[in-house]
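Residues per chain, in single letters:
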Amino acid sequence: MHFLMMTLYATITAIVSAGIAPNLHSNRDRLVYGLKVFGMYLGIGLVLSWVLFAIPRW
Amino acid sequence: MQTKDDLTEEFAARYAAIDDDAPKAYPASKRMLAVVAAMLVPGAGHLVLGKYGRGLLFFATLTGAFILGLSLHARLFYPLPSPTEHSSAPDFVGVLWFFAQIGSGFCYLVSYLLGLGTVPQPSAATYEYGNTFTCLAGLLNYLLMYDVYDIAAGRKR
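Heads up: these notes are all about the structure in this document. Here the residue numbers are simple positions, counted from 1 along each chain's written sequence. Lettering for chains starts from A, numbering for ligands starts from 1, and both go in the order in which the items are written. This being a predicted model, a pLDDT of at least 70 is required before a residue's local features are given, and a value of 80 or more before pairs of side-chain atoms are given or counted; all residues contribute to the totals for chains, interfaces and linings. By convention in this description, side-chain values take in all heavy atoms of the structure and omit both hydrogens and water.

A run of H or I in DSSP counts as a helix once it spans at least four residues, and a run of E counts as a strand once it spans at least two, with each numbered from the N terminus. The number of helices and strands found in chain A is two helices and zero strands. Sorting the 58 residues of chain A into buried and exposed places 28% on the buried side. Areas reported here follow the Shrake-Rupley algorithm with a probe of radius 1.4 Å; residue values treat only the protein chains shown as occluding. Here chain A has roughly 4,300 Å² of accessible surface; of this, 73% comes from carbon and sulfur atoms. Note on exposure labels: buried denotes an accessible area under 20% of the residue type's maximum, exposed denotes more than 50%, and partly exposed covers the range between, all computed with a 1.4 Å probe on protein chains only.

A few words on helix α4 (residues 52–71) of chain B. Residue pairs three or four apart in sequence face the same way in an α-helix, which turns once every 3.6 residues. A helix's residues, less one, multiplied by 1.5 Å, set its expected span. When the terminal C-alpha atoms of α4 of chain B are compared, their 28 Å separation across 20 residues agrees well with the 28 Å that a helix rising 1.5 Å per residue should span. For α4 of chain B, the complete set of buried residues consists of R54, G55, F58, T61, L62, T63, A65, F66, G69 and L70 of chain B. Contact criterion: two residues are considered in contact whenever any of their non-hydrogen atoms come within 4.5 Å of each other. Residues of α4 of chain B that are buried sit in contact with α1 (2–20) and α2 (27–54) of chain A together with α3 (44–48), α5 (92–102), α6 (106–114) and α7 (127–152) of chain B. Directly beyond the C-terminal end of α4 of chain B, a positive phi value near 70° is found at H73 of chain B.

Facing 15 residues of chain A, the contacting portion of chain B comprises 19 residues. Buried surface at the junction of chain A and chain B, summed over both partners, amounts to about 1,500 Å²; 81% is from carbon and sulfur atoms. Its largest share of buried area at the contact with chain B, chain A owes to I12, V16 and I20 of chain A, together 37% of the area lost on that side. By convention in these notes, a salt bridge is any Lys or Arg side-chain nitrogen within 4 Å of a carboxyl oxygen on Asp or Glu. Summed over the shared surface of chain A and chain B, the number is zero salt bridges. Each polar contact in these results corresponds to two N or O atoms within 3.5 Å; when the atoms are within protein, one needs to be able to donate a hydrogen and the other to accept it, and residues that are neighboring in sequence are counted only if both atoms are side-chain atoms. Our count for the chain A to chain B interface comes out at two residue pairs in polar contact (both at pLDDT 80 or more). Counting residues per element, the side of chain A that touches chain B draws most heavily on α1 of chain A, at ten residues. Across the side of chain A that touches chain B, the residue classes tally to ten nonpolar, four polar and one charged. Buried area is a sum: the accessible area each of two parts loses on coming together, probed at 1.4 Å, counted once for each and added. Polar here means any residue outside two lists: the nonpolar Ala, Val, Leu, Ile, Met, Phe, Trp, Tyr, Cys and Pro, and the charged Asp, Glu, Lys and Arg; Gly therefore counts as polar.

With that out of the way, let us pick up unusual backbone geometry. Its identity is not glycine, yet N23 of chain A carries a phi of approximately 60°, on the positive side. The phi angle at H73 of chain B is positive, at roughly 70°, despite the residue not being glycine. For H73 of chain B, the position within the fold is in the loop between α4 and α5.

Take the side chain of R54 of chain B next. Mapped onto the secondary structure, R54 of chain B falls in helix α4. Residues scored as charged are limited to Lys and Arg (positive) and Asp and Glu (negative), so that His and the chain ends carry no count. Buried and unpaired, R54 of chain B has D147 of chain B as its nearest opposite-charge partner, separated by 4.4 Å. Sequence-distant contacts of R54 of chain B, defined by excluding residues within four places in its chain, comprise G19 and R30 of chain A together with H46, D147, I151 and R157 of chain B.

This next bit is on the packing of aromatic side chains. Stacked, tilted and edge-to-face pairs are distinguished by plane angle, under 30 degrees for stacked and over 60 for edge-to-face with tilted covering the rest, among Phe, Tyr and Trp rings (Trp via its six-membered ring) whose centres lie within 6.5 Å. Throughout the structure, instances matching the rule amount to eight aromatic pairs over all chains. Relative to F53 of chain A, the ring of W50 of chain A lies with its centre 5.4 Å away and its plane at 85°, an arrangement referred to as edge-to-face. A residue pair is termed a helical-turn pair when its members lie 3 or 4 positions apart in one helix, as W50 of chain A and F53 of chain A do in helix α2 at three residues. In terms of burial, W50 of chain A and F53 of chain A fall into one category: exposed. Between F98 of chain B and Y108 of chain B, the aromatic rings sit 5.6 Å apart at their centres with planes inclined by 80°, giving edge-to-face as the arrangement. Note that F98 of chain B is positioned in helix α5 and Y108 of chain B in helix α6, a separation of ten residues in sequence. Through a chain of ring-to-ring contacts, three or more aromatic side chains come together here, namely Y9 and Y41 of chain A together with F133 of chain B. The ring of F77 of chain B has R75 of chain B sitting right over it, with the charged end atom 4.3 Å from the ring centre. Two limits define a charge over a ring: the Lys NZ or Arg CZ must be within 6 Å of the ring centre, and within 35 degrees of the ring normal.

These results come straight from atomic positions and should not be treated as a statement about function.
In structure tokens:
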């Protein structure tokens, strides 16, 4: 559930980020940029979740 | 061999081409109309400026995010601190949530008029997810307003 929500969040944010990014003149550039943003959201989210998982709870 | 006049004409042609390619500012009335439209309906500002593809994409994405949030049991927050379901103390953080949600314009207003999300359901498992998505829609629409203004002012295309 949490991963699904994170994916949806990353998708929505990536679409808007790619749509408003300056200096991107073609749809292909925007698509590539959007996919990068999407991947970074998911990747950083997963890394952070494992880092937090490794930190013991007091 | 090129003469000075030939070079001047060549440079003039080049600069004219660059100038044609540069984004242009829209008239002040259209600029204002676009920003107000963007404020009221996500993506409408881009439609006013003739960016139809982007406008429809933003409308579908942000309206969809708000509807998704409501379907996940989001609640609507209000501009004045009010007692929460947990305590009688004023909920100042809720005011910040309100400013995030109201950014989505008509989505918030229509939901309020239809009574959607007016009854908080914090016991629902997806309550926090829902609040997050409704706020995401509003906050991203604030970004779109800036984008519309930049396009209308000729700073970007």
